[in-house]
Amino acid sequence: MASAGVDAPFGLLAELTYRCPLHCSYCSNPLDLAAHADELTTAEWQRVLAEARELGVLQLHLSGGEPLLRRDLAEIVQCAAELGLYTNLITSALGLTPRRAEQLLAAGLDHVQISLQADEAALADRLAGTPSFERKLVAARLVKELGWPLTLNVVLHRHNADRIAAILDLAEQLEADRIELAHTQYYGWALRNRAGLLPSRAQLERAQGVVRAAHERLQGRMEVIYVLPDYHSRYPKPCMGGWGRRQLTVVPDGGVLPCPTAHTLPLPRASVRESSLAWIWESSPLFRRFRGTDWMPDPCRSCDRRELDFGGCRCQAFLLTGDAARTDPVCHLSPDHGLVAGAVAAADEGARTRDAVLAPRLYPAARRSR
Amino acid sequence: MRSTVPVQTADGADRPRLARHVRLRFDPARGRHVLLTPEAVTVLNGTGAAVLELCDGQRTRTEIVAALRGRYDSVDDDEVRLFLDRLTARRCLEAGRG
């Protein structure tokens, strides 16, 4: 268990691989995907999971990239289940064949989340950069047939925000138990494509109306979770519930991060290949850097909300201002708020950004490790 | 915006059980029982864990309260009922009927 006044983490996001059959332009994975191609082995993941459990982790989110591209996924799930971790697979569902699904069920997988790009094939396949929509529906039905609870994950942006009603209809047909409608967060590929992804305020207002009505209609049948876009909010999101406070991420090559996009920050590295997870969580310079409130500048330092939103997102502060220790520019109190307001104003103008070319997320084929 | 579900009314004849996607575990790292769902961990106190261990789909709500009376000096019926209602609303418990 974590000591030295540091609470134990609840959740571990295991990004098993950055390889992925989809090429979504809103992906928050890093741009230098191939730099993390030296993936942890099965035995290394098993050791990481045992250390995580001992540290107090209770939930394991298996993601990527596409976690099904790891041939040892069922072995990793089985190890997690034996340790008593709640296992949650976050997948495109490409590769979730009946055989693999049954292996994962036997291994003890608790829950499946499948991404959907839109409500119909043409748009969905264009957004994913590959034919995938029909296969996702087949896999979603399989998940229900095998008795798993099904969550659908939909990342929202300018190109699908007006289709939420139809997406919810599809979710109902698929008998999803939960649906997460989450606006794009602008990191990695998504930040590169921001001008073409950011929705207008008019789109957001329509979306909120649709979601409000769905909450009432679907009460007790399907849980609808709607995550507002932080660019359009007055206050920043409490990123990861605070730096090094509740969650940690292990990336494909064993790097450990307080959040999945913290690669970009100019901070000391930490890796399970060099140090124990407990030391990294409790004592590493990386995890201590923005833990708590002592690091905060004004306006955060004197703000009543400092324990609510923890100064917002360190990655966003760095990506937009070049300084990770500044207030998240999303906050209307930030001296840098104009950077976000400008992007939102451009999105409201509409026509020009609508046609912005979206750069697909590409994994460099030549440098694939396995 | 989090989804909200109205508190379902239940009577003493319901036989609550944990929903299929929910796990009740003891966490040695924290020395507490925890309730695990896809996106949330609920750390339980001793009484909460005792109530949930009795939610086996066999016992009625009335029988759960009776079993708790055998174990604890004072059992607040309303508190137990509210606890079960809250978890039912969050879809952690299903109201099975015998």
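What counts and what doesn't
Residues numbered from 1 in each chain as written. Chains lettered and ligands numbered in written order. Predicted model: local features only at pLDDT ≥ 70, side-chain atom pairs only at ≥ 80, totals over all residues. Heavy atoms only, no water. Helix = DSSP H or I, 4+ residues; strand = E, 2+ residues; numbered from the N terminus. Buried < 20%, exposed > 50% of the residue type's maximum accessible area, 1.4 Å probe, protein only. Contact = heavy atoms within 4.5 Å. Areas by Shrake-Rupley, 256 points an atom, 1.4 Å probe, with all protein chains shown as cover. Rg over C-alpha atoms; globule rule 2.2 N^0.38 Å. Lys, Arg positive; Asp, Glu negative; His and termini not counted. Charge placed at Lys NZ, Arg CZ, Asp CG, Glu CD. Pairing = 2+ DSSP bridges. Axes fitted to C-alpha atoms, helices over the stretch in contact; angles between N-to-C directions. Parallel < 35°, antiparallel > 145°, perpendicular 65-115°, else oblique. Left-handed = near helix turned anticlockwise from the far one by under 90°. Buried area = accessible area lost by both parts, 1.4 Å probe. Salt bridge = Lys/Arg side-chain N within 4 Å of Asp/Glu carboxyl O. Polar contact = N/O pair within 3.5 Å; in protein donor to acceptor, adjacent residues only side chain to side chain. pLDDT = per-residue confidence, 0-100.

### Let's talk about the overall build of chain B
Here's step 1: A count of helical and extended segments in chain B gives three helices and five strands.
Here's step 2: Its helices and strands in sequence order give chain B the pattern β-β-β-β-α-α-α-β, from N to C terminus.
Here's step 3: The buried share of chain B, taken over its 98 residues, is 40%.
Here's step 4: Here the contacts in chain B between residues at least 6 apart in sequence split such that 56% fall between residues at least 24 apart.
Here's step 5: Accessible area for chain B stands at about 5,400 Å²; split by element, carbon and sulfur atoms hold 47% of it.

### Section: the overall build of chain A
Here's step 1: Helices and strands together make up the secondary structure of chain A, namely 15 helices and nine strands.
Here's step 2: Scaling as 2.2 N^0.38, a compact globule of 370 residues should have a C-alpha radius of gyration of about 21 Å, and chain A matches this with 20 Å.
Here's step 3: Counting all 370 residues of chain A, 58% fall into the buried class.
Here's step 4: Relative to all contacts within chain A whose residues are 6 or more apart in sequence, the contacts with residues 24 or more apart total 74%.
Here's step 5: Accessible surface for chain A amounts to roughly 14,500 Å². Of this, 52% is attributable to carbon and sulfur atoms.
Here's step 6: Of the side chains in chain A, 42 bear a positive and 43 a negative charge, and the two mean positions are spaced by 3 Å.

### Considering the pairing of strand β4 (residues 111–116) of chain A
The two faces of a sheet get side chains in turn, since along a regular strand they alternate between them.
Residue and element names in this part refer to chain A.
Here's step 1: A large share of β4 lies buried, amounting to six of its six residues.
Here's step 2: Across the two faces of β4 the burial is the same, with His111, Gln113 and Ser115 and Val112, Ile114 and Leu116 all buried.
Here's step 3: Sheet analysis places strand β3 (residues 86–91) next to β4, joined by four bridges and oriented parallel. Each residue of the ladder has a partner; that of asparagine 88, found in β4, is histidine 111.
Here's step 4: Where β4 and strand β5 (residues 150–156) come together, five bridges link them in parallel fashion. Its bridge partner being in β5, valine 112 is matched across the sheet by leucine 150.

### Considering the packing of helix α2 (residues 73–83) of chain A against helix α3 (residues 98–107) of chain A
All names here are of chain A.
Here's step 1: Between α2 and α3, whose axes approach to 8 Å, the crossing angle comes to 20°. The angle between the axes of α2 and α3 places the two elements in the roughly parallel class. Here the hand of the crossing between α2 and α3 comes out right-handed. In contact with Leu73, Ala74, Val77, Gln78 and Ala81 of α2, α3 contributes Arg100, Gln103, Leu104 and Ala107.

### Some thoughts on the interface of chain A and chain B
Here's step 1: Facing 33 residues of chain A, the contacting portion of chain B comprises 24 residues.
Here's step 2: Of the roughly 2,400 Å² buried between chain A and chain B on both sides combined, carbon and sulfur atoms contribute 52%.
Here's step 3: A per-residue breakdown of the area chain A buries against chain B is headed by A:Leu58, A:Gln59 and A:Tyr86, which together make up 22% of the total.
Here's step 4: Across the chain A-chain B interface, the total number found is two salt bridges.
Here's step 5: The partner of B:Asp27 in a salt bridge is A:Arg53, and the shortest N-O contact between them spans 3.0 Å.
Here's step 6: The tally of links between chain A and chain B comes to twelve residue pairs in polar contact (both at pLDDT 80 or more).

### A word on the environment of A:Leu123
Here's step 1: Structurally, the position occupied by A:Leu123 is in helix α4 (residues 121–128).
Here's step 2: Measuring from C-alpha to C-alpha, the distance between A:Leu123 and A:Glu102 comes to 30 Å, with 21 residues separating the pair along the chain.

### Quick notes on the confidence of the model for chain A
Here's step 1: When pLDDT is averaged along chain A, the result is 92, and 95% of the positions lie at 70 or above.
Here's step 2: Scored below 50 in pLDDT, residues 366–370 of chain A makes nine contacts in the model with residues more than four places away or belonging to other chains.

### Focus on the sheet that holds strand β3 (residues 32–37) of chain B
Residue and element names in this part refer to chain B.
Here's step 1: The three strands lie next to each other as β2-β3-β4, forming an open sheet whose pairing is antiparallel. Of all the strands in the sheet, just β2 (23–27) and β4 (40–43) have a single pairing partner and so form its edges. Between one strand axis and the next, the sheet turns by 30° as a mean value, whatever way the strands run.
Here's step 2: Pairing of β3 with β4, which is carried by four bridges, proceeds in the antiparallel orientation. For threonine 37, the partnering residue across the bridge sits in β4 and is alanine 40.

### Things to note about the sheet that holds strand β8 (residues 247–250) of chain A
Residue and element names in this part refer to chain A.
Here's step 1: Overall, mixed pairing links the nine strands, which are arranged β7-β6-β5-β4-β3-β2-β1-β8-β9 in an open sheet. Each edge of the open sheet carries a strand with a single partner, namely β7 (223–227) and β9 (256–257).
Here's step 2: Note that strand β2 (residues 59–64) and β3 share four bridges and pair parallel. Residue pairing across strands places leucine 62 opposite leucine 89, the latter belonging to β3.
Here's step 3: Relative to strand β6 (residues 178–183), helix α6 (residues 164–173) is tilted by about 155°, and along the sheet it contacts β4, β5, β6 and β7.

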